[in-house]
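# An overview of the molecular structure
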Amino acid sequence: MQPWFEAVTLPEGQSCLVYDRRLPEFGFNWHYHPEYELTLTLGSRGTRFVGSDVAPYAEGDLALVGPNLPHAWQSHDLAEGAAEHRAVICWFTDEWVRGLPTVLPELHLIAPLLTAASGGVLFGPDDAVRADIMALCDLPPAERALRLTAILVALAQHPVQRPLTNTARTPDDMPRDQRRMEAVLGHLHATLDAPIRLGPLCELAHVTESQLQRIFKRSTGLSISAYVTRLRIGRAATLLVRTDLPMTQIATRCGFHDAAHLARKFRETTGRTPSAHRRDFRARSALPPEGVFPMRK
């Protein structure tokens, strides 16, 4: 599956665009754009895909993605106490940020950060930076640009940062394993209710079964079956509390053999039965957002 091009339109006369995204879930949305993207994820847990890096993300995840680097965030469950999946996203252009040192030479220290962002950069927890990013949503344009500049300076000097990929990735110039993973992940997400067949996946990736299993485990940290089970449990959890469907129908819609298979996998993953999950939410008289993935703590 090739990443799709996202058109980011900055308002005329402004240096950046800030979006406070609040959704019932973050779906797998593999895309790229020529702007830098600074993303602070709140109240959400799931999987972050940046270039060839595939890893779990949690509450407070903060990443800087460089131009034309494919990326996506796939939510699995809500952080404790959260009511929705939220991401504060700030886009800005290479032309603007590279031009800052020509006005203020002191800002030359941002340059290494921008170079590192070509492969994505992940930052450690920082309450001050988090507060500044969240404040961007309510600032007028001039103050927003100044605050963003200060944030970039802080991130350039942040003591806890690590690259997400070793080299820059573009849609037309990605490692062979990454292209293989795109095709495999796209197929798995599109056929979640169907049995897992390694044959079609191997054909998509042009590898043997053993090669596919090795590449998948190296990229996601999970086996193919474990990865699909997590996605299926997430879908089942949503159907349990948002519908009155019987367990047999939920099992069929989520790719499980039968209700017993669903119950066994659900309990292994969440620590409770599907019936208890449905009953607990009904007792509280409040439906969770779609996409909730009640992982065992």
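Note that the structure is predicted; figures quoted are calculated from it, not measured. (Residues numbered from 1 in each chain as written. Predicted model: local features only at pLDDT ≥ 70, side-chain atom pairs only at ≥ 80, totals over all residues. Heavy atoms only, no water.)

## Focus: the packing of aromatic side chains
Here is the rule we go by: We call Phe, Tyr and Trp rings a pair once their centres come within 6.5 Å, taking the six-membered ring for Trp, and we label the pair stacked below 30 degrees between planes, edge-to-face above 60, and tilted otherwise. In DSSP terms, a helix is any run of H or I states spanning at least four residues, a strand is any run of E spanning at least two, and both are numbered starting from the N terminus. Throughout this description, buried means an accessible area under 20% of the type-specific maximum (1.4 Å probe, protein chains only), exposed means over 50%, and partly exposed covers the range between.
Applying the stated criterion across every chain yields a total of 3 aromatic pairs. Ring geometry for Y36 versus F92: centroids 5.2 Å apart, planes at 5°, classification stacked. Linking Y36 in strand β4 (residues 36–42) with F92 in strand β9 (residues 85–92), this pair joins segments that are 56 residues apart in sequence. The residues Y36 and F92 share a single accessibility class, namely buried. Note on F216 and Y227: the rings are 5.5 Å apart at their centroids and 80° apart in plane angle, and the pair reads as edge-to-face. Within this pair, whereas F216 is found in helix α7 (residues 209–220), its partner Y227 is found in helix α8 (residues 224–242), the two being separated by 11 residues in sequence. When sorted by exposure, F216 lands in the same class as Y227, which is buried. A network of ring pairs unites the aromatic residues Y36, F92 and W96 as a single cluster.

## Some details on the sheet that holds strand β2 (residues 16–23)
Keep this limit in mind: The pairing criterion for strands is at least two bridges between them, as found by DSSP. Under this scheme, a helix contributes an axis fitted over its contacting stretch, all axes are lines through C-alpha atoms, and angles between N-to-C directions fall in the 0 to 180 degree range.
Within the open sheet, the 6 strands sit side by side as β2-β9-β4-β7-β10-β11. Their pairing is antiparallel. Either end of the sheet is taken by a strand with one partner, and the two such strands are β2 and β11 (161–163). Here the average twist between neighbouring strands, direction ignored, is 20°. Pairing of strand β7 (residues 61–65) with strand β10 (residues 121–123) involves 3 bridges; the strand directions are antiparallel.

## Here's the deal with the nonpolar core
Here is the rule: For the purposes of this section, nonpolar cores are sets of buried Ala, Val, Leu, Ile, Met, Phe, Trp, Tyr and Cys residues that join through side-chain atoms within 4.5 Å.
Counting 29 residues, the largest nonpolar core has F92 and V97 as the members making the most contacts within it. Here the element with the most residues in this core is helix α4 (residues 141–156); it accounts for 5 residues. Within the second largest apolar cluster, 20 residues are counted, among which are W30, L212, I215 and L231.

## Focus on the pairing of β7
Of all 5 residues that make up β7, 5 are buried, and the element is covered over most of its length. Judged by which residues are buried, β7 turns out to be covered on both faces: D61, A63 and V65 on one side and L62 and L64 on the other are all buried. Two elements, β4 and β7, share 5 bridges in a ladder whose sense is antiparallel. If you follow L40 over to β7, its bridge partner there is L62.

## Regarding the pairing of β4
Of all 7 residues that make up β4, 7 are buried, and the element is covered over most of its length. The two faces of β4 match: Y36, L38, L40 and L42 on one face and E37, T39 and T41 on the other face are all buried. Across 7 bridges, β4 lies against β9 in antiparallel orientation. Bridge pairing links T41 to A87 in β9.

## Describing helix α10 (residues 259–270)
Working note: α-helix, 3.6 residues per turn, so residues spaced by three or four point in the same direction. Keep this limit in mind: Given a helix with a known number of residues, its expected span is that number minus one, times 1.5 Å. Pairs of N or O atoms within 3.5 Å make up the polar contacts considered here, provided that, within protein, one atom can donate a hydrogen while the other can accept it, and that residues adjacent in sequence are counted only when both atoms are side-chain atoms.
Here α10 spans 16 Å end to end across 12 residues, near enough to the 16 Å set by a 1.5 Å rise per residue. Of the residues that open α10, the one with a side-chain oxygen 3.2 Å from the backbone nitrogen of A260 is D258. Just downstream of α10 lies G271, where phi reads positive at about 90°.

## What to know about the packing of α8 against α10
Axis angle and axis distance: for two packed helices, these are the angle between their axes and the distance between the axes, and together they describe the pair. The test is simple: Each angle is binned into one of four classes, with values under 35 degrees roughly parallel, values over 145 roughly antiparallel, values of 65 to 115 roughly perpendicular, and all other values oblique. The contact rule is simple, with two residues in contact once any of their heavy atoms fall within 4.5 Å. Residues are grouped as follows: nonpolar covers Ala, Val, Leu, Ile, Met, Phe, Trp, Tyr, Cys and Pro; charged covers Asp, Glu, Lys and Arg; every other residue, Gly included, is treated as polar.
Two elements in contact, α8 and α10, have axes whose closest approach is 10 Å; the angle formed by their N-to-C orientations is 100°. Classified by the angle their axes make, α8 and α10 are roughly perpendicular. For the pair α8 and α10, the contacting residues are T229, I233, A236, A237 and L240 in the first and L262, K265, F266, T269 and T270 in the second. Partitioning the contact of α8 with α10 into residue classes produces 6 nonpolar, 3 polar and 1 charged.

## Brief notes about the pattern of salt bridges
Applied cut-off: Within this document, salt bridges are pairs made up of a side-chain nitrogen of Lys or Arg and a carboxyl oxygen of Asp or Glu, the two lying within 4 Å of each other.
Inspection of the entire model under this criterion finds 10 salt bridges. The closest approach of N and O atoms between D20 and R22, which form a salt bridge, is 3.2 Å. For D20, a relative accessible area of 24% gives the class partly exposed. The exposure class of R22 is partly exposed, given its relative accessible area of 41%. Of the charged contacts in the structure, one is a salt bridge between R147 and D132, with a shortest N-O distance of 3.4 Å. Linking R147 in helix α4 with D132 in helix α3 (residues 127–135), this pair joins segments that are 15 residues apart in sequence. The class for R147 is partly exposed, based on a relative accessible area of 27%. What you see here is one network of salt bridges that share partners, running through D20, R22, E84 and R86.

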